[in-house]
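Structural overview
Now for the letters of each chain:
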Amino acid sequence: MGETRIIKNICCIGAGYVGGPTMAVIAQKCPHIKVTVVDLNAQRIADWNDADLDKLPIYEPGLADVVAEARGRNLFFSTDVDKAIDEAQMIFISVNTPTKTYGVGKGMAADLKYIELCARQIARVSKDDKIIVEKSTLPVRTAEALRTILTSTGNHVNFQVLSSPEFLAEGTAVTDLHKPDRVLIGGDADAEGQAAIEALVAVYENWVPRERIITTRVWSSELSKLTANAFLAQRVSSINAISALCEKTGADVDEISRAIGADSRIGAKFLKSSVGFGGSCFQKDILNLVYLCQHFNLPEVAAYWEQVIKMNDYQKHRFAKKIIDSLFNTVSGKKIAFLGWAFKKDTNDTRESAAIYVADELLQDRAEIHIYDPKVRAEQVFADLEYLQTHRKDAIHGVSLTTDEIKNLVKVHVNPYTAMRSAHAIAILTEWDEFKIYDWQKVYGQMLKPAFVFDGRNVVSKTELEEIGFHVYNIGKG
Ligand code: UDX
Ligand code: ADP
């Protein structure tokens, strides 16, 4: 190596929320590169290959068009992992890295077993030199671990390991990939490392201006990803902390966001107060950061970042408690309609969604929960609630519910109006646009009185709903 290699074949291991959209856009923008996305999950691959683009396994605005353009031309989805590894000069690893639920680092460290399995498979199959790109969010020094596994085969294959964390946000993945603020590529400082970096730069340069491609050492790249997510989550926790104070003082958190966001040093984004952040990255990455700080004996730094998660847990709990308190201190036997289950709008992803935790707290008090989300399927809702029962953290109050209890208390609807009919209260958990244009007069007419709306995303108009007759609670409005 040492010279930039022209990449003709890319393989991506993992066809999920990161691997799927990222590879679809690379294939769209680089018609001269064959991109094969592989996954162990045969159903997922079948869904990616489905002629009906509504059946793609993940929902992202604009994604179906990108897949339609590239699939079958130079974008392929397959379960034949070995073949794709063998053919590729560059292999992206986009497998899931959940927080460990067992053993050392339980509840904090990332579970690297899927990454390790990939590395072992790549090591076993490879016959010629490969560039390995970590795309999944990973703890710092994973590249080092990858390299150790890859180079211990003794088969004289040269592996370069790059870290190129993906910064796309779900719901806007396609636009984020088309016009990224930056692409980050970390590699070794030596000539071979630099050549590998340049090979990946050459891929991105097909559509991303060179000045937006930042190259660093591997560890800086890995730590940048954790830091970026920690900073973004910290902003949400900071404004959520202020929302609690607003409710006590009569201030309005949205007015505060507007006022402080106008300061260009602060900036307007990520200042939307909510029922709490969710998603597969924020909590996991902060926990990784905290674990890393503890490992390197930096307890003050660890405690500082841990507070971002504690504030988020507090915000979810505060919302659930508000519902129970307002409904005369008990929700037992009462029907609560949930609008939204996804962790944010425009995605069908529910990982770490605030809705799961709020539902759990209400279920502890034996509420009947009727859920409507435009993109989340009933099986997913039940899987999320079941998972929580078996992975109850100390921070989550209460006792585990049985499968039968959950089935009896929770109903998932495909029509929002039936979900809300005869309800004591409505809780808005996701900021889907369609919630704004419901016929709220009709909803009010069908509900029990007094009719409550708890708006965890500040999406509906408090004044309009109060004029109709609703009792409205908004986050951060005194
Ligand atoms: C995040 C990062 O933004 C992205 O760069 C990284 O690659 C993955 O993690 P994602 O989790 O998909 O992306 O969505 P994001 O838009 O960051 O939202 C995360 C959570 O914070 C959501 O639950 C969202 O509703 C919440 N949020 C976000 C707020 O409550 N208020 C805000 O102002 C912004
Ligand atoms: P992310 O949000 O990080 O993309 P997902 O869970 O959506 O995470 O996707 C990760 C995908 O990686 C899953 O579809 C899973 O089946 C796949 N995967 C995990 N380990 C392997 C492996 N060793 N080989 C192939 N695919 C894998």
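Residues numbered from 1 in each chain as written. Chains lettered and ligands numbered in written order. Predicted model: local features only at pLDDT ≥ 70, side-chain atom pairs only at ≥ 80, totals over all residues. Heavy atoms only, no water.

Per an unreviewed UniProt entry, the protein chain goes by the name UDP-glucose 6-dehydrogenase and belongs to Ancylomarina euxinus. Of the protein chain, the UniProt comment under Pathway (unreviewed entry) reads exactly: "Nucleotide-sugar biosynthesis; UDP-alpha-D-glucuronate biosynthesis; UDP-alpha-D-glucuronate from UDP-alpha-D-glucose: step 1/1." Of the protein chain, the UniProt comment under Sequence similarities (unreviewed entry) reads exactly: "Belongs to the UDP-glucose/GDP-mannose dehydrogenase family." (UniProt positions renumbered as here; feature names shortened; annotations may be inferred.)

1. Observations regarding the pattern of salt bridges
On inspection of all chains with the given rule, the structure shows 28 salt bridges. Among the salt bridges present, the one from Lys321 reaches Asp325, with a minimum N-O distance of 3.0 Å. Taken together, the residues Lys321 and Asp325, both in helix α12 (residues 299–326) and four residues apart, mark about one turn of the helix. Relative accessible area serves as the criterion here: at 41%, Lys321 is assigned to the partly exposed category. Within the structure, one salt-bridge network assembled from shared partners comprises Asp252, Asp254, Lys272 and Lys477. (Salt bridge = Lys/Arg side-chain N within 4 Å of Asp/Glu carboxyl O. Helix = DSSP H or I, 4+ residues; strand = E, 2+ residues; numbered from the N terminus. Buried < 20%, exposed > 50% of the residue type's maximum accessible area, 1.4 Å probe, protein only.)

2. A few points about the side chain of Lys100
Position of Lys100 among the secondary structure elements: in the loop between β4 (90–93) and α5 (113–125). Not counting residues within four places of it along the chain, the set of residues in contact with Lys100 comprises Gly105, Lys106, Gly107, Met108, Ala109, Ala110 and Asp111. (Contact = heavy atoms within 4.5 Å.)

3. Details of the sheet that holds strand β9 (residues 335–339)
Strand order in the open sheet made by the six strands is β11-β10-β9-β12-β13-β14, with parallel pairing throughout. Edge positions in the sheet fall to β11 (410–413) and β14 (471–474), since each has one partner strand and no second. Between one strand axis and the next, the sheet turns through 20° on average, direction left out of account. Here four bridges tie strand β10 (residues 368–372) to β11, and the two strands are oriented parallel to one another. Note on β11: the bridge partner recorded for His370 is Lys411. Against the sheet, α12 engages β9, β12 (425–428), β13 (452–455) and β14, with an angle of about 170° to β13. Packing of helix α14 (residues 378–390) onto the sheet brings it into contact with β10 and β11, and relative to β11 it is tilted by some 150°. (Pairing = 2+ DSSP bridges. Axes fitted to C-alpha atoms, helices over the stretch in contact; angles between N-to-C directions.)

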